Structure formats: structure tokens, C-alpha cells
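Here is how the chains run, residue by residue.
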Amino acid sequence: MAGMPLKRKQSSGYQNRKNQKKRLASTKSPADSFDKFLIRNQPIVGNATNEDDATADKGMNEGNGIADNGMNEGNVSDGAADNGIEDDNVNVGVSNNGVNEGINGNVNVGVADNGVNDNENYGSAANSMNDGGYEVNNENEGVDGDNRDRNEDDVNTTTENNEVENCGDKLTDRDMLDPGNWETIDKKLVDFLVENGPVRVDNIIFPRDDKNDCFSSYHYFRKLSNFEKQDRRWLVYSKTLDKVFCFCCKLFMKRESNYQLCSTGFNDWNNLSGRLASHENCGVQHRCMYDWLELELRLRKEKTIDKRIQEQINKERKHYKEVLKRMKDGVFFLAKNGLALRGDNEKVYTKNNGNFLSFIKTLGKYDPVLKYHLDSIEKNEMRTHYLSHKIQNELISMLVDSTRKLIVKKIHEAKYFSVILDCTPDVSRREQMSIIIRCVDVSTARIEEYYLGFLRVEDKIGEGLFFELEDALINLGLNIDDIRGQGYDNGANMKGKHKGVQARLLEINPRAFYTPCACHSLNLILSDMAKSCPKASYFFGSIQRIYTLFSASTNRWDVFKEEIGKKGWTLKPLSDTRWEIRVASVKAIRYQAPKIRNDLERLRDSSPISQEVSTADSLVSFDLHNFEFYLSLTIWYRLLFAVNTVSKSLQSKDMDIGVAIQQTKGLIEFFKDFRVNGFQKAMDEAKEIARAMGTEPTFREVRTIRTTEPTSGEEFFRKNYFLYIVDSAMSSFRTRFEQFQMYEEIFWFLYDLNKLKYMSEDELMSACVALEAYLKHGRSSDIDGRELCMELIVMRIVLPSSCSKPIDVLQFLLRMGGCYPNAWIAYRILLTIPVTVASAERSFSNLKLIFSYLRSTTSQERLVGLSMLAIENDMAMQVDFKIVLSDFASRNVRRVIFE
């Protein structure tokens with residue numbers, strides 16, 4: 001046992017190379033196996049470029065045998081290659097007498113004829129030339145050359161094997177007509193490339209190498225001796241590799257070759273002319289050219305060997321394309337309406353299989369394509385049906401990516417944009433931040449706000465939210481220096497002057513004007529008003545108690561609905577976040593107080609529940625019989641109605657900062673007038689309600705200290721209630737809309753067109769120069785103030801009288817072309833600045849529909865995808881489905897059917 005040799009644990013290098021070659025051979029297309037049964041009439045190929053006395057015509061070498069067209073087979077090679085091309089499996093080791101004894105007793109005899117040798121074979125004759133035309137060492141290195149050949153074979157085999165294994169990982173967006181992307185060349189790729197033909201790269205600036213040389217388009221043509229030019233159609237340039245290839249040799253070379261034009265590409269631009277001249281005269285290039293033209297002719301006439309198979313593939317391809325179109329419509333329909341796609345299972349003809357499969361099944365009753373598809377699935381005639389949830393996710397992802405690309409393209413065309421952010425917790429208590437981009441569509445001169453997705457945030461402080469925003473802009477390919485506005489709510493992490501998101505963005509880009517949400521500011525003003533006075537808080541508490549009492553029971557609610565009739569106003573609960581919509585809660589009681597009191601009295605007298613009786617009696621006795629309650633109804637209804645009207649107008653998507661300033665000014669004037677004249681008007685309306693209720697319009701007596709002057713109940717109510725809440729509102733307007741005052745100082749002459757027409761040139765010049773300073777950062781400036789002034793002087797003369805708003809001026813500038821470039825930029829920036837975050841809040845409605853408690857496990861990617869298709873449905877419908885289908889076909893094995 002001790003004398004027996006140990007068994008090898010690992011296979012030898014020779015065995016590994018042998019196994020690799022077997023695996024590589026098994027991965028090649030079986031179509032190549034037909035070649036050995038075919039006999040083709042090859043054209044007669046002439047001699048090589050350079051003739052040598054040692055080499056006879058047609059590769060005949062006296063006394064040493066014949067190498068057919070320069071192609072040697074087997075381990076024993078005799079003769080000479082008349083075109084100067086040696087096969088990879090042949091070691092050429094010719095000494096001065098032409099004989100070299102190789103390894104293992106094999107004798108290799110050959111003479112090179114001064115042709116161009118791409119293999120750079122070692123041990124060649126003294127008169128043979130390498131790639132660059134330089135002399136090779138005369139010494140014979142047969143052993144080392146053999147080792148080099150074996151190592152090169154190993155590297156080539158390993159590389160080809162990896163290419164075969166990784167062919168499914170190709171990028172979907174690359175150009176397959178570029179030879180640099182032809183990793184694994186199979187029959188399908190050859191047919192595709194021959195059918196499309198070589199693509200010539202021209203009219204570009206070719207890159208230069210370290211020698212300051214580059215490729216030139218004049219190499220595409222061969223100059224003949226009679227000064228005529230012959231098109232080198234076979235020469236193709238790779239933009240990805242900065243190399244040139246021979247199109248036909250790259251595709252139709254039967255065996256591996258070290259010729260750079262046929263394999264890795266050639267980029268020695270200084271010697272390119274000589275290389276092309278020698279290559280186009282060699283026999284192998286002629287045979288490959290013949291194979292290319294023959295296949296091109298057969299493909300054109302549809303006379304390939306696999307014609308029937310190709311027809312079947314085309315039929316299946318067309319069928320699956322039609323199926324995918326219907327799947328796309330189903331995804332759009334369900335996503336637009338916020339409906340779930342999946343069910344408990346993924347089988348077509350089963351219960352609870354989801355909305356998507358139910359939609360496909362229902363549509364299949366009337367659509368012949370889907371009917372055939374579903375029948376084939378039911379009969380087990382089709383294994384690839386493309387109806388699984390993985391295909392749904394993949395299709396949604398590609399549709400969303402295409403939609404997002406269209407949106408980003410629009411933003412790039414607009415150049416200037418604003419970011420709008422808002423956060424809310426989802427049903428799983430995770431914070432979701434909606435990102436909206438506002439810009440001006442330069443093709444239509446309209447304001448657009450695009451939804452770009454939800455961002456799940458973990459760090460909710462200003463720094464964390466800013467980093468999330470910065471990463472999102474980088475991933476979208478948007479330049480943070482092009483931001484001209486930012487709109488957030490009034491949270492401290494957003495509006496903080498030192499560490500908030502707006503402060504951190506202003507440090508990088510001072511031209512990103514920050515605007516707190518105008519609607520949110522109005523809400524806070526109303527909240528400040530209600531909290532400033534105890535009587536106001538008690539009033540809204542009574543409103544909520546009335547709603548709670550009736551809504552807690554279906555019977556009581558039916559009694560209330562019967563009392564008010566079909567045209568009455570339903571009771572509404574109070575909103576803790578949107579104060580302006582409390583106008584609906586106050587309105588229902590303001591105009592239906594007698595009917596509500598009758599229902600409460602009936603409930604007090606008939607209810608067996610003591611708590612309900614106590615609540616109803618308290619409301620009837622202390623609230624609905626109190627004149628001060630009636631007066632509070634009229635006061636708050638007027639205030640809430642005015643604020644709600646302005647808030648609704650500010651929430652429109654095309655609202656600009658100029659109109660918003662005018663609306664806010666009008667609301668402030670309303671509060672000033674209401675402070676002077678509003679109390680008496682409210683008193684008159686409250687007296688009408690009191691007469692309808694059968695109550696005396698009197699105030700409660702006020703107890704005063706003897707040292708003070710006696711005060712009537714009416715005067716006490718006016719000073720300590722009415723004036724208190726109105727003055728609180730006026731104070732909040734000054735602090736919460738101070739940003740609007742800054743905008744008025746900067747942009748007033750752009751949105752106030754009446755002042756623009758009549759202001760002096762000096763005043764206009766100073767305003768334009770000041771605007772230039774605000775829109776300047778470092779050496780970069782958006783406009784030229786002096787040129788803007790000259791443009792506005794001319795524009796205000798020719799501006800139509802129908803232009804009353806900045807958006808009208810922008811559309812006029814679009815019609816005028818490029819006559820007013822600085823004005824065109826200034827008005828685009830003005831309209832880009834956001835007013836509210838209403839678009840972000842509207843996206844949360846889709847979030848609640850998609851990410852409900854029944855679908856709380858939905859992934860973030862699917863959530864963003866479905867919300868994108870729902871919100872940006874109009875943009876998604878503009879996606880070219882052919883591009884999506886091409887992307888879909890290029891993934892995994894589906895290219896067999898679709899590509």
C-alpha cells in the first residue's frame with residue numbers, strides 16, 4: 001500500500017482544459033452542425049498581399065505539401081499560408097531552413113510569405129513580419145511558443161465560457177448594433193445583424209488616444225489606383241471600445257482567430273491604412289464576405305433553412321405582443337382606480353384569484369386573442385402564459401421607468417424647477433415623503449406639477465430629510481443648482497431657519513426661494529384664532545358634540561335625515577388639520593338650527609339612555625337657547641367661508657405667486673373691513689336666527705368689580721370675543737405670510753401688469769437690476785437686468801390687453817419666439833415658485849387607497865409604481881409601448897420569443 005501512488009484529488013490542468021472545451025462546444029448553436037452537410041461553391045481567392053519566392057501560388061510549397069487556402073488542420077502542418085494567416089491551433093516555428101522540431105515528436109513545417117501575421121507567432125523566419133511591420137526575433141523558441149499557445153487557448157476558452165454563462169445578464173439599454181456589445185455570437189444574433197446590416201458611425205468627434213491619433217471616416221472608403229473610391233461596407237466602428245472591426249469576419253469566422261479586426265478590434269490608428277489594405281485582399285476575408293452576402297440574400301428572400309420555424313416564432317411573437325398590450329391596459333385600469341391586482345392564488349379559472357386575472361378572464365370572453373390564450377392555458381398547451389405576479393411587477397416597473405423618463409425629460413427641457421415635499425405616516429406607521437416637481441412646460445407655456453414617488457424616511461429631522469431629497473435628485477439626474485423654489489409645510493424640520501430642509505438647501509443654492517404652504521398657513525391662522533379665546537374653543541366643542549350625538553346611532557341619524565329632508569345639509573365632524581373645511585360643520589347648524597333643536601328635544605324626551613338624555617338636554621338648554629351661540633355661528637361662518645374660498649383658489653395647480661399675493665391681500669382687506677363693520681352685520685343675522693328659534697336676542701349678564709365701570713353684555717362680547725379673534729388673525733397674517741412680502745418686493749413689476757405699463761424707465765431699470773442680483777449665484781446669473789429692462793419697455797407696448805396674469809404673458813412670449821429671452825426666463829422662474837403643497841397632499845389619497853390595511857405588506861417599489869401609474873396616468877399613456885416591449889423582451893429567456 002505504501003508503494004502505491006496517491007490518487008489525485010484534483011484534475012490536472014490538461015483535463016480542465018479538455019472539459020472546458022467540451023462545455024464550450026455544447027453551448028454553441030446547433031445550427032452550425034448543418035455546415036458539414038453542405039457543399040458551397042466558394043469563390044476563387046487570389047494570393048496574399050505580398051509574394052515570396054519560398055511560397056508558390058495557391059499555397060503550394062514544393063516538397064512540404066499543401067495547406068488549403070492557408071488553413072492548416074491537425075497537429076502536423078506542411079506547407080505555407082498564401083494569405084499570411086495561421087490558425088490558432090498551429091505552431092509556426094520555421095528556422096532558416098524551414099524545419100522546426102516541435103514537442104512530443106510532432107513536426108511542424110511551414111514558411112511565412114511576408115504576409116501580415118496577426119498571431120505574432122514566435123520563432124518565425126527572419127523575413128516574416130508582425131502586426132506593426134517590425135522584425136521578430138530570429139531565435140527559435142518552440143517550447144515557449146507552445147506554452148504560450150496553450151495559455152492563450154486556456155484564456156480564450158475561459159473567456160468564451162464566461163460569456164456564454166453571462167449572456168443573460170446583458171444590459172437592456174445598450175446598442176446591439178455596436179460590435180463592442182457582441183459578447184456571444186450565436187445564429188440568432190447573426191441573423192439579426194445581417195438583416196439590419198452594419199451601422200456606420202459618422203458625423204461625430206472621434207476620441208484621440210495617448211498618441212493624439214484617432215479614427216477618421218475617410219477609412220470607410222478604399223481609394224483605387226484610378227482615383228475612384230470603393231465603399232468598405234464591411235468596416236464598422238465601435239463607440240464603446242473605440243476600435244474598428246471587420247463586420248463579416250467578426251460574424252462568420254469559423255474558428256477562433258487572433259486577428260484583431262476579426263476578434264478584439266483594431267485601434268492602432270497610425271497603421272490602420274496598411275492593415276485595412278492587407279485585410280481586404282486576404283482569402284479568409286473573402287470567404288466571410290461571401291457567407292455574409294449569401295445569408296443576406298437568403299434572409300431577404302426568406303429562404304433560410306429554418307423558414308418554417310421562423311414563421312412559427314413570428315406567429316408566437318405577434319401573439320404574445322398582443323397579450324402584453326392587453327395586460328398593460330389591465331394594469332393601467334386597476335392602478336388608475338387604486339385597486340389591488342393580486343388575490344389568494346394565481347390560477348385563472350379559480351375563485352379569489354385577484355382583480356387582474358378576473359379582468360383578463362372577463363375581457364377574454366369578448367377578445368379572441370385572450371380567449372385563445374386562456375383556452376391554451378386551461379388545456380395545458382401553453383406553459384409560458386405571462387400572467388404571474390412576477391410578470392405584473394416587471395411590467396409595472398418598466399411602465400413606471402418609462403413614465404419617469406418622460407417626466408424627467410420634461411423637467412430637463414424646462415431647466416428651472418421647484419421641489420415640493422410633504423410627509424405622512426402610512427397604515428404600517430412608517431413615514432412616507434411625497435416628492436413633487438413643479439416646472440413650466442416650455443412647449444405649451446403651462447405650469448406642470450409632476451409626481452415622482454414616495455420616499456420612505458427613517459431620519460425625520462431636517463438633515464435626514466435633506467439627504468433623502470438630495471439622493472433622490474441625484475438618482476433622477478436633476479441638477480440641484482437649477483432649483484428655483486421649494487415648498488413645504490410649516491413643520492420645524494422643514495421651515496427651520498438654521499437646521500431645516502429649506503435652510504440647508506439655501507446654503508447650496510441661494511436662488512431656491514422657500515415658500516411655506518399658503519393653505520397650511522391659513523389653517524394655522526384659524527387655529528390661532530380659535531385658541532386665543534376660551535369662548536371660541538367652547539363653541540367648536542358644542543358643534544362637535546351635536547355631530548357626535550347624532551352620528552353615534554343609525555336610528556338617530558335616520559331621524560335627523562328625515563327632519564332636514566333631502567335638500568338639507570348633513571352634519572359634518574370637525575377637522576383637526578384642515579380648519580377651513582369647518583365651514584361645512586358650522587353651515588349645517590347655522591341654517592338648520594330650529595330643526596336640529598326639535599330633534600334634540602325629541603331625543604331628550606324619548607331616549608332610554610341617561611347619557612344621551614343629559615347631552616341632548618345640555619345642548620338644548622345652554623347652547624341652542626343662547627343668543628351668543630347664534631352670534632358665534634354667524635361670525636365664524638363668515639370668517640371660515642372667506643378663508644375657505646381663498647384656500648380653494650390657492651390649491652389649483654396653475655396658481656402662481658403673483659395671483660397668490662393678490663388673493664392674500666384681498667383676504668387681509670376682508671378681515672380689516674370685518675373688524676369695523678362685521679360685528680353689526682353678524683348681530684343682525686343672529687337676531688333673525690333668534691326669532692326663528694323663539695329666543696330673546698339678549699346677552700348674558702356680566703359680573704364686574706365695583707371699582708370698574710359697568711359693561712354691557714354686548715360690549716363685553718365684542719371686545720373679549722369678536723375683536724380678540726379678529727386681531728389675532730391680523731397678527732398671524734403678518735408673521736405667517738412674510739415670505740409673500742419678500743416676493744412682492746422682488747417680482748412685483750412682473751405680475752402687476754398695470755404698474756408695469758405706467759412705471760418710469762428708471763424705476764423699471766432699478767427693479768430689473770435688483771431682480772438680477774436675486775437670481776445671481778457666484779458667476780452664474782439667470783438674466784441680464786439691463787437687457788430685461790429694454791425687453792420689458794418694448795413688450796409692454798405690444799402686449800395684448802387680454803393678458804392680465806403672468807401665465808398669459810408667458811404664453812404671449814412663447815408665440816413671439818425668442819424675441820424676449822430675458823423676459824422669457826424671468827416669467828418662467830416666477831411661475832416655477834410654488835404656492836402650496838396641495839399636490840403632495842393629493843398624492844396621499846392614492847397612498848391610502850393602495851397601501852390600505854388589507855395590503856399593508858405591499859413592497860415600496862410596487863407602492864411607488866402603482867401610485868405613479870395612478871397619479872401620472874395621462875403621462876403614462878404617452879409611453880411608447882414598443883420601447884417597453886423591447887425592454888421586456890430583452891430580459892432573461894423572453895428574447896427567444898420577442899427579440
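Residues numbered from 1 in each chain as written. Predicted model: local features only at pLDDT ≥ 70, side-chain atom pairs only at ≥ 80, totals over all residues. Heavy atoms only, no water.

A. The arrangement of the overall build of the chain in detail. Scanning the chain from terminus to terminus reveals 33 helices and 15 strands. Looking at the chain as a whole, 47% of its 899 residues are labelled buried. Contacts in the chain between residues far apart in sequence, at least 24 positions, make up 69% of those at least 6 positions apart. For the chain, the accessible area works out to roughly 47,500 Å², and carbon and sulfur atoms hold 50% of it. (Helix = DSSP H or I, 4+ residues; strand = E, 2+ residues; numbered from the N terminus. Buried < 20%, exposed > 50% of the residue type's maximum accessible area, 1.4 Å probe, protein only. Contact = heavy atoms within 4.5 Å. Areas by Shrake-Rupley, 256 points an atom, 1.4 Å probe, with all protein chains shown as cover.)

B. Representation of the environment of phenylalanine 333. Within the secondary structure, phenylalanine 333 is located in helix α7 (residues 307-336). Judged by its relative accessible area of 43%, phenylalanine 333 falls in the partly exposed class. Separated by 537 residues in sequence, phenylalanine 333 and alanine 870 place their C-alpha atoms 8.8 Å apart.

C. Quick look at the confidence of the model for the chain. Taken residue by residue, the chain gives an average pLDDT of 78. The fraction at 70 or more is 78%. Across residues 29-173, confidence stays below pLDDT 50; counting only partners more than four residues off in sequence or on other chains, it has 193 contacts. Low confidence marks residues 892-899, where pLDDT is under 50. Its contacts with residues over four positions away, or in another chain, come to 27 contacts. (pLDDT = per-residue confidence, 0-100.)

D. Looking closely at helix α20 (residues 627-650). The end-to-end C-alpha distance of α20 is 35 Å, a good match for the 34 Å that 24 residues give at a rise of 1.5 Å each. The element α20 is extensively covered by neighbouring structure, given that 19 of its 24 residues are classed as buried. The opening residue of α20, the one whose side-chain oxygen lies 3.1 Å from the backbone nitrogen of glutamate 628, is asparagine 626. (Expected span 1.5 Å × (residues − 1). Polar contact = N/O pair within 3.5 Å; in protein donor to acceptor, adjacent residues only side chain to side chain.)

E. A look at the packing of helix α25 (residues 761-774) against helix α26 (residues 785-798). α26 packs onto α25 with a crossing angle of 135 degrees between their chain directions and a minimal axis gap of 8 Å. One finds that α25 runs oblique with respect to α26. For the pair α25 and α26, the crossing hand works out as right-handed. In this structure, α25 uses Glu761, Leu764, Met765, Cys768, Val769, Leu771 and Glu772 to contact α26, whose residues at the interface are Gly785, Arg786, Leu788, Cys789, Leu792, Ile793 and Arg796. Class assignment of the residues belonging to the contact of α25 with α26 gives a composition of nine nonpolar, one polar and four charged. (Axes fitted to C-alpha atoms, helices over the stretch in contact; angles between N-to-C directions. Parallel < 35°, antiparallel > 145°, perpendicular 65-115°, else oblique. Left-handed = near helix turned anticlockwise from the far one by under 90°. Nonpolar A, V, L, I, M, F, W, Y, C, P; charged D, E, K, R; others polar.)

F. Geometry of the pairing of strand β11 (residues 446-456). Burial analysis of β11 places nine of its eleven residues in the buried class, which makes it a mostly covered element. Bridge analysis of strand β10 (residues 431-441) against β11 gives nine bridges, and the strand direction is antiparallel. Paired with serine 434 across the bridge in β11 is phenylalanine 454. In sequence, β10 turns back onto β11 through a hairpin of four residues, with alanine 445 there showing a positive phi of about 60 degrees. (Pairing = 2+ DSSP bridges.)

G. The pattern of salt bridges, seen in detail. A complete count under the given rule lists 32 salt bridges for this structure. A salt bridge links lysine 187 to aspartate 191; the shortest N-O distance between them is 2.9 Å. Of this pair, lysine 187 and aspartate 191 both sit in helix α3 (residues 187-196), four residues apart, roughly one helical turn. On the basis of relative accessible area, aspartate 191 is assigned to the buried category, the value being 15%. A salt bridge links lysine 665 to glutamate 744; the nearest nitrogen and oxygen atoms lie 2.2 Å apart. Of the two residues, lysine 665 is situated in helix α21 (residues 657-693) and glutamate 744 in helix α23 (residues 738-751); the sequence distance between them amounts to 79 residues. Classification of lysine 665 by relative accessible area gives partly exposed; the value is 39%. Residue glutamate 744 is classed as partly exposed on the basis of its relative accessible area of 24%. (Salt bridge = Lys/Arg side-chain N within 4 Å of Asp/Glu carboxyl O.)

H. Quick peek at the sheet that holds β10. Strand order in the open sheet made by the five strands is β11-β10-β9-β12-β13, with mixed pairing throughout. Among the strands making up the open sheet, the edge pair consists of β11 and β13 (513-516). Sheet twist, expressed as the mean angle between neighbouring strand axes with direction ignored, is 20 degrees. Here strand β12 (residues 483-488) pairs with β13 via four bridges, running parallel. When the sheet's bridge partners are listed, glycine 487 is paired in β13 with threonine 515.

I. Spotlight on the nonpolar core. Among the nonpolar cores identified, the biggest contains 194 residues, and Trp636, Phe671, Phe747, Phe749, Leu771, Leu792 and Tyr827 are the most heavily contacted of them. Tyrosine 827 has contacts with Leu750, Leu753, Leu756, Leu792, Met795, Pro806, Val809, Leu810 and Leu813, leaving out every residue within four places of it along the chain. One finds Leu193, Trp269, Cys288 and Leu295 within the second-largest nonpolar core, a separate group that totals 33 residues. (Core = buried A, V, L, I, M, F, W, Y, C linked by side-chain atoms within 4.5 Å.)

J. Region of the structure containing unusual backbone geometry. The backbone of lysine 415 shows a phi angle near 70 degrees, a positive value even though the residue is not glycine. Following the sequence through the fold, lysine 415 ends up in the loop between α10 (389-414) and β9 (417-425). Using a relative accessible area of 39% as the deciding quantity, one classes lysine 415 as partly exposed. In this model, alanine 445 sits at a positive phi of 60 degrees, which is unusual for a non-glycine residue. In this structure, alanine 445 sits in the loop between β10 and β11.

K. Quick look at the packing of aromatic side chains. Taken as a whole and assessed by the stated rule, the structure comprises 36 aromatic pairs. For the pair tyrosine 547 and tryptophan 557, a centre-to-centre distance of 6.3 Å together with 85 degrees between the ring planes defines the contact as edge-to-face. Note that tyrosine 547 is positioned in helix α15 (residues 534-551) and tryptophan 557 in helix α16 (residues 554-564), a separation of ten residues in sequence. Between the aromatic rings of tryptophan 748 and phenylalanine 749, the centroid separation amounts to 6.0 Å while the plane-to-plane angle is 75 degrees, which identifies the pairing as edge-to-face. Judged by relative accessible area, phenylalanine 749 falls into the buried class, the value being 0%. (Phe/Tyr/Trp six-rings, centres within 6.5 Å; stacked < 30°, edge-to-face > 60°.)

L. Spotlight on α3. Residues of α3 that are buried include every one of Leu189, Val190, Asp191, Leu193 and Val194, and no others. For α3, the secondary structure elements touched by its buried residues are α4 (247-252) and α6 (283-300). Just beyond α3, the residue with positive phi is glycine 197, at close to 80 degrees.

M. Inspection of the packing of helix α18 (residues 593-606) against helix α19 (residues 610-623) at higher detail. Contact geometry of α18 with α19 gives a least axis separation of 8 Å together with a crossing angle of 145 degrees. Considering how the two elements wind past one another, α18 and α19 form a crossing that is left-handed. Contacts between α18 and α19 involve Arg597, Leu600, Glu601, Leu603 and Arg604 from the first element and Glu612, Val613, Ala616, Asp617, Leu619 and Val620 from the second. When grouped by side-chain class, the residues that make up the contact of α18 with α19 number six nonpolar, no polar and five charged.

N. The environment of leucine 272, seen in detail. The topology assignment puts leucine 272 in helix α5 (residues 272-279). Distance in space between the C-alpha atoms of leucine 272 and phenylalanine 215 is 8.7 Å, their sequence separation being 57 residues. The contact partners of leucine 272, leaving out residues within four places of it in the chain, are Phe215, His219, Val244 and Phe266.

O. Just the environment of leucine 571, in detail. In this fold, leucine 571 is placed in the loop between α16 and α17 (582-590). Taking the C-alpha atoms as reference points, leucine 571 and glutamine 544, 27 residues apart in sequence, are found 9.4 Å from one another. Apart from residues lying up to four places away in sequence, leucine 571 is in contact with Ile546, Tyr547, Phe550, Trp557, Phe560, Ala588, Ile589 and Ile596.

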